[in-house]
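Letter by letter, the chains look like this.
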Amino acid sequence: MANLAQSTKIGNGGINGGYEASATMQLGIYNYRLADADRTSRYLHFKTNVLRNSGRMVRVDAVGYDYAGARPIRCSWVWYSYSVDGNLYSVGLHNAYPGMVPNSVYIGADNYVCISASARDLYFIGVTFDAYTPSNSYGLGQTVAITASAATASAGNYF
Amino acid sequence: MKVFPSNGGYLSQYVAGHCQTQDGTATKVHIKLNLPKTSLYSAMVMIEAVGFAYGSAQAIRSSWCFYQYLSTLYSVNVNNVYPGMNAEAVYYSTDNFVCLRGGLSGYFSGFVLNAYVNAGDGAGIPISVQAQAWNTNAGNFY
C-alpha cells in the first residue's frame, strides 16, 4: 500500500493526447477539521485558488464525518469560471450523505472562487477535499487548492 | 493507498480493504476491522464500500460511521447511495474489535473499503480488514 505524503494527482493516462501528465483527479487537496465546543457556527467557507475569470470547469468534493450529528459526509460543488465575463455558470450543489450540505459557490472580494456549506453541528467535524478537472480546454488538470477556511454563524459570503 | 492532504497529516485511505464473494446463498457480509474495543483507543471513522453487485446489476456505495471511544461506540450511522448493498450495523465482536454488517442484493458482490479518519480523535490511524464472512446471519457474527 502506497503512502503518499502530499495530495495525490491522478492523470488521465494519456487518453487525450498531450494531456498525459495532467492531474484530472486530485485526492486529498486539503483537510479541515473543527471542534467548535461552543457550537456557535453552522457554516463553513473555503477559498479556492480558482479565479473568477480563469475559464476553468471544476468539481470539488468533501468527504468525512460529522461526529456530533452522527452523519457521514460526501458532498460536491461544481462550477464554471467563465473567462469572458468573470461570472460563475453551471453552479451545482450536491450531497450524497446528510452530514454536510453545500450552501453556495460565490466570488470572494479578491476575485477567487469560494465555496460554503452548512452542517448541523460543527463539534468534531472533519472533511478531506478532492478535486476533479476533467474538461479539455477548460482547466483540464490544473491544480486546485484551498487557500483559506473559516467557520461562521451566518450563511452569507465570508471571503 | 493512503493520501495525506497537503496541509496536514490526516489521511484518506483508499482500498483499506477488499471484500468479495461468489456465494449465491449469502445475504449478509460481516467485516471485522483492526480497531480494538479498549479504553486506550479512540477514533472517529467514516468507512465507505464502493463496488458492484453483479447478481442484482446494482452499484454499491454504502457507508458506516462511528466513534470508538473508551469501550463504547458513539454516533453510529449507516447510509446508502446506491441499492447494491445496505450498510446495516456497527458492532463489537466477541474478541473486542469493531465490525461492520451489510445486507447484500445479489451474488458475486464485491467492493473496496475506503476509510476516512479525519474528524478528530484518532485522525490518520491506519484502517484495515482482518476478517470477512459471507452468510445469512442478520445479527452479530463475529
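Residues numbered from 1 in each chain as written. Chains lettered and ligands numbered in written order. Predicted model: local features only at pLDDT ≥ 70, side-chain atom pairs only at ≥ 80, totals over all residues.

Visitor: Summarise the overall build of chain A; cite the residues concerned and give the values.
Guide: If you tally the helices and strands in chain A, you get 0 helices and 11 strands. Along the chain direction, N to C, the helices and strands of chain A fall in the order β-β-β-β-β-β-β-β-β-β-β. By residue count, 43% of the 159 residues in chain A fall in the buried class. A separation of at least 24 residues holds for 68% of the contacts in chain A among residues at least 6 apart in sequence. (Helix = DSSP H or I, 4+ residues; strand = E, 2+ residues; numbered from the N terminus. Buried ≥ 20, exposed ≤ 12 C-beta atoms within 10 Å, placed from the backbone. Contact = placed C-beta atoms within 7 Å.)

Visitor: Explain the overall build of chain B residue by residue, including any values.
Guide: When helices and strands are tallied, chain B shows 0 helices and 10 strands. Along the chain direction, N to C, the helices and strands of chain B fall in the order β-β-β-β-β-β-β-β-β-β. For 142 residues, the compact-globule estimate of 2.2 N^0.38 gives 14 Å, and chain B sits close to it at 15 Å. Principal-axis analysis of the C-alpha atoms gives chain B an extent of 40 × 35 × 20 Å. Here chain B holds 142 residues, and the buried ones make up 43% of them. Partitioning the contacts of chain B with sequence separation of at least 6, the portion at a separation of at least 24 is 66%. (Rg over C-alpha atoms; globule rule 2.2 N^0.38 Å.)

Visitor: A description of the pairing of strand 8 (residues 101-107) of chain A should follow, citing residues and the corresponding values.
Guide: All names here are of chain A. Across 6 bridges, strand 8 lies against strand 9 (residues 112-118) in antiparallel orientation. The residue bridging Val 105 from the neighbouring strand is Ile 115, located in strand 9. Hairpin connection from strand 8 to strand 9: 4 residues lie between these consecutive antiparallel strands, with Asn 111 at a positive phi of about 75 degrees. (Pairing = 2+ DSSP bridges.)

Visitor: Hey, could you go over the sheet that holds strand 8 (residues 97-104) of chain B for me, with residue numbers and the actual values?
Guide: Residue and element names in this part refer to chain B. If you walk across this open sheet you meet the 4 strands as 7-8-3-10, and the pairing is antiparallel. The open sheet is flanked by strand 7 (85-92) and strand 10 (129-135), the only strands paired with a single partner. Each strand of the sheet is rotated relative to its neighbour by a mean of 20 degrees, with strand direction disregarded. (Axes fitted to C-alpha atoms, helices over the stretch in contact; angles between N-to-C directions.)

Visitor: Explain the nonpolar core to me, and be specific about the residues and the numbers.
Guide: Counting residues in each nonpolar core, the largest one holds 68 residues, and the members touching the most others are Tyr65(A), Ile73(A), Phe129(A), Met44(B), Val45(B), Ile47(B) and Ala115(B). A per-element tally of this core places strand 4 (residues 43-53) of chain B first, with 7 residues. When residues no more than four places from it in sequence are discounted, the contact partners of Phe129(A) are Ile29(A), Tyr30(A), Val60(A), Asp61(A), Ala62(A) and Ile146(A). One finds Leu27(A), Val3(B), Leu11(B) and Tyr14(B) within the second-largest nonpolar core, a separate group that totals 5 residues. (Core = buried A, V, L, I, M, F, W, Y, C linked by C-beta atoms within 7 Å.)

Visitor: An account of the sheet that holds strand 8 of chain A is needed here, citing residue identities and associated values.
Guide: Residue and element names in this part refer to chain A. Taking strand neighbours across the sheet as the criterion, the 4 strands line up as 8-9-4-11 in an open arrangement whose pairing is antiparallel. What marks the edges here is a single partner per strand, and that holds for strand 8 and strand 11 (146-152). Strand-to-strand, the axes of this sheet are offset by a mean angle of 20 degrees, without reference to chain direction.

Visitor: Summarise the pairing of strand 4 of chain B; cite the residues concerned and give the values.
Guide: Moving residue by residue along a regular strand, the side chains alternate between the two faces of the sheet. All names here are of chain B. The buried fraction of strand 4 amounts to 9 of the 11 residues, a majority that puts the element mostly inside the structure. Here 11 bridges tie strand 4 to strand 5 (residues 58-69), and the two strands are oriented antiparallel to one another. For Gly 51, the partnering residue across the bridge sits in strand 5 and is Ile 60. The loop that links strand 4 with its antiparallel partner strand 5 comprises 4 residues; one of these, Ala 57, has a positive phi angle of about 55 degrees. Note: strand 4 against strand 9 (residues 109-116), 8 bridges, orientation antiparallel. Paired with Glu 48 across the strands is Asn 114, a residue of strand 9.

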